[in-house]
Structures are given as C-alpha cells and as structure tokens.
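# Observations on chain architecture
This is what each chain is made of:
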Amino acid sequence: MSIFDIEEELNKLPHSPGVYIMHNENEAILYVGKAIDLHNRVRQYFRAGHGHNNSPKITKMVSQIAYFEYIVTASEMEALVLECNLIKEHRPKYNTLMTDDKGYPYIKITLGDHFPRIMMSHRMSRDKSLYFGPFTDRKAVHDTIALVKKIFHLRNCNRDLNSSKCDDRPCLYYQIGQCPAPCAGLISKQDYDKSIEEAVSFLNGNTKAVIKKLKEEMTSQAEKMEFEKAAETRDLLESVEKISEKQRVSNSSSDDKDIIAMAREDKDTVISIFFIRDGSLIGRENHHMSIDSSDTDSEIITAFIKQYYFAVPFIPKEILTVVKIDDDRVITEYLSDRKGQNVKITTPQKGEKKGLIKLAEDNARLVLSQDIERIKRLEKRTTGACREIAEIIGSENVIRMEAFDISNISGYHSVASMVVFENGKPKRNAYRKFKLQTVEGPDDYASMKEVLSRRYTDEKIGPLPDVIMMDGGKGQVHIAEAVLNSIGLEIPVCGMVKDDNHRTRGLYYKDEEISFKPGSEAIHMITALQDETHRFAITYHKQLRSADQTRSILDDIKGIGPKRRKALLLHFKDVDSIKNASLEELENVEGMDKKAANAVYEFFN
C-alpha cells in the first residue's frame, strides 16, 4: 500500500496563495487554513520551534495528520473567502467555529412530494427538489417563503401526503384561508401543481403577473367595501414589490459562474470545477473520470458536463470550459430550459476569465499528481476487493453484497439486520430491518430462515445480490442455501469466519474454509461488512428496547394521560408506591380529580 509521504509532499508545495486542508487517517477533515504562501505556511506545522507548535491544540492536531491537500487561489482575499466557506461546509474539529453558523440557506420546493412544500434548506441535495439560492440574508429567505405560502396558498405542514387517500381533518391554516387543505382532499393535485408552477415562476423573478393579480384583487375588494381584506392584499402587494426591486438589483450585479478544467495522465483524469457565486469563489469539487487514452479533451469535458449538470439542482448563468465542448448548442439549450433563463457555455481565450480557467487547470494538475496514488488505493480497497472475492467464489463479477445478522438479548425482541455493500462501499439507503414474526426465543437458525425467506420473496426490497455473506459458519450457510433452493434462486452464499480473537480470518464457501491471501484487501472489506452488520442490528435492537422502556403500566389505566402519569410519578416516585397508595392519597396528587384517583385505585386493587 502506498503511503502519503508528508516530507515529500511538503517539498511539492507551491509558493502561491491558497487554502490547505488537513485530514486524519479516516479521511476526516481536521483543519482548514489559508496562506499567502502555501509552501512556507504548511511546512511550519511540521517544523519544531515555530509558533504553530507552541499551541497544545495545534500540536495535538498535527499528531493526527495523515495527509493534506490544498487549493491554489489567485489572491489572499480569494483564499480567505474560500477558507470561510470550506469551514462552514465541513466544520473541522480543530478550527475555531461559530456555534450558530449554518452556512448559506436555499429555498427548496419538494417536487418529489405528491403535494410539494416550500421550505428553507441549508444545503442542496441531488434529489427531486428544486432549489433557489444560495442566499446571504437568512431573514429575507424566511420572509420570502412566508410570502410565497400566503400568495400561492401552499401547505405549511410536513404530513406525508404521498398516498392517494387524503381524509385528514383540515388544520387551522385552512380555517384562516392560508392553505387549500390537500390533506382533506379539498384541492385536486392538478390545481395544487398549478400553484406550485406559479410559485416557481415567481421565485425565478417573474413578479409582474403576481403584482397585476394582487392589484386587481385589491381594487375588487375595495369596491365591495371589504376594506380589511383589501388592506391585507395591499400589504402583500408591497412585499412583492420590495422583493421585485431586490431581484432586479441582485440580478444586475450577480456573477454566478462555474469554471471547468482538467488534467489527464494516461487513463487517469481529474476534472476541477470551481464555483463562483455573487462574484466570490465559494468552493471547488474534483471529479475523477474513467477514460480511454484515445478520448479527446473535448469529448471528456462534454461527457462530464452531461453527467454533472443533468443531475445537479443549481445551474449557473455561465459555464467556462478549458476547451470547446461538443454538442454545445443542444446542451446550452437544455440547461437554459432547466434554469428558466439563458445559460452560456464559453471557452475564454484571454483576460480575467482565462485566468480563472488557468486557476482551475493548475488545481486539476495538483490533484492528479498528488491524489493519483490515493485514488488507486481506494479502488484497490473497494472494487479491487470485490474482484478478489469474485475470484474466490469463481464469479465473473461481485458488485452487490448483502449480509445478515440476528440480535437478541435472552430472546427479548429478536430482530435482524440486512446490510448492503455495492462496489465495496456501504449503500445505507438499501439497509433493511426485520422484526421477527414467527420465531419466539433465541433461535438464530429459525430466525435467519424467516428473514431470508422474507427478503428473497419480496421484490420491493431491492435487486438480488451477487453474493450473500452470513455472519457464521457452516450452519448458517446451509440455512441460507436451503432457503434459496426452496424458492428457486441460485446466489453464492459465504460464511464470514472469525478466529478465537474475533477477527475475520476467511470465508466458508461450498463446504470449504478459504483463507485470504497475505496483504488481502478483501479481508478488510469483509471485516467492515461484518462490523457494520452487527452495528446496524444492535442499534435497531436498542431502539425497540428504548421504545418499550418509555411505556408504563400507568398507560393502561383509563383516564390517565401523560400529564397525570407524570404527576403521579413525581408525587410517589415509583409505581410500587402508587400501587400501595390509598384513595385519599391519590386524590391529593396535583391534577387528579376523584374520578381519576378512583380509576387508579381500582386498577391496582
């Protein structure tokens, strides 16, 4: 395994302004800092006698550094802005942090919901939602969301309305005319979606239609002598006009750009993308592309833009690329349609924009030269380990692995967990929990039979795995094989075998124990899979026990709700004292009347 040589990497540091990022062995970010001269600044951390090392905190941080990375910037000011944004995003352990800092907010519309909601979000996710922002004024975001809800009558609640059955009782917002009550089926999805479309248009800056509509409403209300309603409409109109004015100002001065450059070496390519929002550099991403040596730079950049921008929620006004892309007319047209305004993709040849391209290009080269070994190590630990397991079981490929574990304590709440690894990494959204339905007591074999039968007869749980990993030896493997045979499935089944010190030592497959080769990456991945399976099962078990422990025998007494239960326990300290209390003593408890006291007394007597 290649090791990050700190001394060697220190010598490669450029005499340039930028930001440096310190990582520990688990790749967590320990510290983010800025420098006028990266070469001089970063070296100080690893040299005795310098001011940095006089601080106990920094000394402790340095002792945990496994590797570092850095981003070159055009000036110290850019480094400062980037440092602040990286600290906001990653909140490193050894940086001094504002406790109430939450980063730049976005306005989010949950288009993936049956009846979408509008809300504030602190980050953009690659989901079905639509995002506006980021914004620097948190109060303005709150005010805008409140205004949009009022104007377009969008729901305030977070109820799950994705089912076709909507028969809940409308809440107060419906009674005061601020929600159309989709929860009660009082508005069709078609009409609600029309309101969402109008809200999206409004947030995109198209306020003229709303202003016209509100003016007409206000005039009509005044003519009907509905002066209170007219005053409310007037206030809404003033708010919209203020937002419209702000949008004109920000649109005229905003400067949203993405700068895309690349570096390549044989079949290894790094794409660097820099994000400029409102004229400030706020961050950077590096993406590794799998290419053929015959691919042209234009083909690589075009493929990246298609894959990246066809998935991300935010599209900038301008995209600067290091080379002219293929299919630029079609791609530009598509992105402009998604954004709702013109998007430009340009390849600058001179001036400030060319300088930004060079900056991204320099960083791509740095990432490629420094991280190429780490990329290969990661590939070896993940897909490389999967190839090793495929070789062991004689399979063409192993992409998806599923592992199972049973957890019970003296037969209490027997539960099972299913953990999924894809390409050697955990796929947490595919994990599943099972509460045993047919097995009583600590019978792991019967429990496993039930769980496997339920999993592999339910197509909704997910695609079938390439291999099943059982936490045990021959017995559990044979149970799994029997279940698969009974339902007509052929999936390789392996047992994860541990030694006397509870460390994974090999796999049990086809009635043989197979040892891993010296230096095997597969053994580390299998150990991680086994540990994750245990952790997930035990966590579920604790949740169930915790839920049971919060229940009291007092819940079974008619007329005793949470407040009276709390009052009884505060007064008597425990349930036994309540059992032994007289009727008069029960009546003296705060909040208890004669009827409730009598119910408690009769329940225990």
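Up top is the structure.
Below is a short write-up of the structure. (Residues numbered from 1 in each chain as written. Predicted model: local features only at pLDDT ≥ 70, side-chain atom pairs only at ≥ 80, totals over all residues. Heavy atoms only, no water.)

## Things to note about empty space enclosed by the protein
Evaluation of the coordinates by the stated rule reveals 3 cavities of 30 Å³ or more. Roughly 60 Å³ of internal volume is contained in the largest cavity. In terms of lining, the largest cavity is formed by R155, N156, C157, L161, C171, Y173, Y174, C179, A181, P182 and C183. (1 Å grid on protein atoms, 1.4 Å probe; cavity = no way out; pocket = protein on both sides within 12 Å on 5 of 7 lines; lining within 4 Å. Points joined across faces, edges and corners; volume = space filled by probe spheres on them.)

## A look at the sheet that holds strand 6 (residues 130–132)
Strands sit in the order 5-4-6 across an open sheet of 3 strands; the sheet is antiparallel. Lying at the two open borders of the sheet, with one neighbouring strand each, are strand 5 (118–121) and strand 6. Each adjacent strand pair in this sheet contributes to an overall mean axis angle of 30°, direction not counted. In this structure, strand 4 (residues 106–109) lies alongside strand 5, joined through 4 bridges in antiparallel fashion. Opposite I109, over in strand 5, you have I118 as the bridge partner. Packed on one face of the sheet, helix 7 (residues 189–203) meets strand 4, strand 5 and strand 6 and runs near 160° to strand 4. (Pairing = 2+ DSSP bridges. Helix = DSSP H or I, 4+ residues; strand = E, 2+ residues; numbered from the N terminus. Axes fitted to C-alpha atoms, helices over the stretch in contact; angles between N-to-C directions. Contact = heavy atoms within 4.5 Å.)

## Focus on the packing of aromatic side chains
Tallying each qualifying case throughout the model produces 8 aromatic pairs. The interplanar angle of 35° and the centroid separation of 6.2 Å between the aromatic rings of F46 and F68 together place this pair among those described as tilted. Of this pair, F46 sits in the loop between helix 2 (38–44) and helix 3 (56–63) while F68 sits in strand 3 (residues 67–72); the two residues are 22 residues apart in sequence, bridging distant segments of the chain. (Phe/Tyr/Trp six-rings, centres within 6.5 Å; stacked < 30°, edge-to-face > 60°.)

## A word on the pattern of salt bridges
In this structure the tally under the stated criterion is 20 salt bridges. Note that K324 and D328 form a salt bridge whose closest N and O atoms lie 2.8 Å from each other. You can call D328 partly exposed: its relative accessible area is 28%. A salt bridge links E450 to R454; the shortest N-O distance between them is 2.8 Å. On the criterion of helical spacing, the pair formed by E450 and R454 is a turn pair, its members being 4 residues apart in helix 13 (residues 444–456). Relative accessible area serves as the criterion here: at 8%, E450 is assigned to the buried category. Taking relative accessible area as the criterion, R454 reaches 24% and is therefore assigned partly exposed. Look at the salt bridges and you will find they share partners, linking R400, E402, E422, K427 and R455 into a network. (Salt bridge = Lys/Arg side-chain N within 4 Å of Asp/Glu carboxyl O. Buried < 20%, exposed > 50% of the residue type's maximum accessible area, 1.4 Å probe, protein only.)

## What to know about helix 8 (residues 208–223)
With 16 residues, helix 8 ought to run about 22 Å at 1.5 Å a step, and its terminal C-alpha atoms sit 23 Å apart, in line with that. Taken together, the buried positions of helix 8 are V210, I211, L214 and Q221. All buried residues of helix 8 project into a common sector of 95° when viewed along the axis, lining one side. Away from its buried face by more than 90 degrees, helix 8 exposes K208, A209, K212 and E223. (Expected span 1.5 Å × (residues − 1). Arc of directions from axis to C-beta.)

## Quick look at unusual backbone geometry
Its identity is not glycine, yet E27 carries a phi of approximately 75°, on the positive side. Considering the arrangement of structural elements, one finds E27 in the loop between strand 1 (18–23) and strand 2 (29–35). Assessed through its relative accessible area of 39%, E27 is described here as partly exposed. The phi dihedral of A181 is positive, around 60°, even though this residue is not glycine.

## Looking at the environment of A596
Residue position: A596 is located in helix 19 (residues 594–604). Exposure remark for A596: the relative accessible area of 4% places this residue in the buried category. The spatial distance from the C-alpha of A596 to the C-alpha of L586 is 8.7 Å, given a sequence separation of 10 residues. Residues contacting A596, with those up to four places away along its chain left out, are I560 and R564.

## A word on the pairing of strand 16 (residues 467–470)
What you see with strand 16 is no split at all: V467 and M469 on one side and I468 and M470 on the other are buried throughout. Inspection of the sheet shows strand 16 paired to strand 17 (residues 493–498) by 3 bridges, in the parallel sense. Each bridged residue has a counterpart across the sheet, and for M470 the counterpart in strand 17 is G495. Tracing the backbone out of strand 16, into helix 14 (residues 474–486) and back to the parallel element strand 17 gives a crossover that is right-handed. (Right-handed = clockwise from strand over helix to strand, strands pointing away.)

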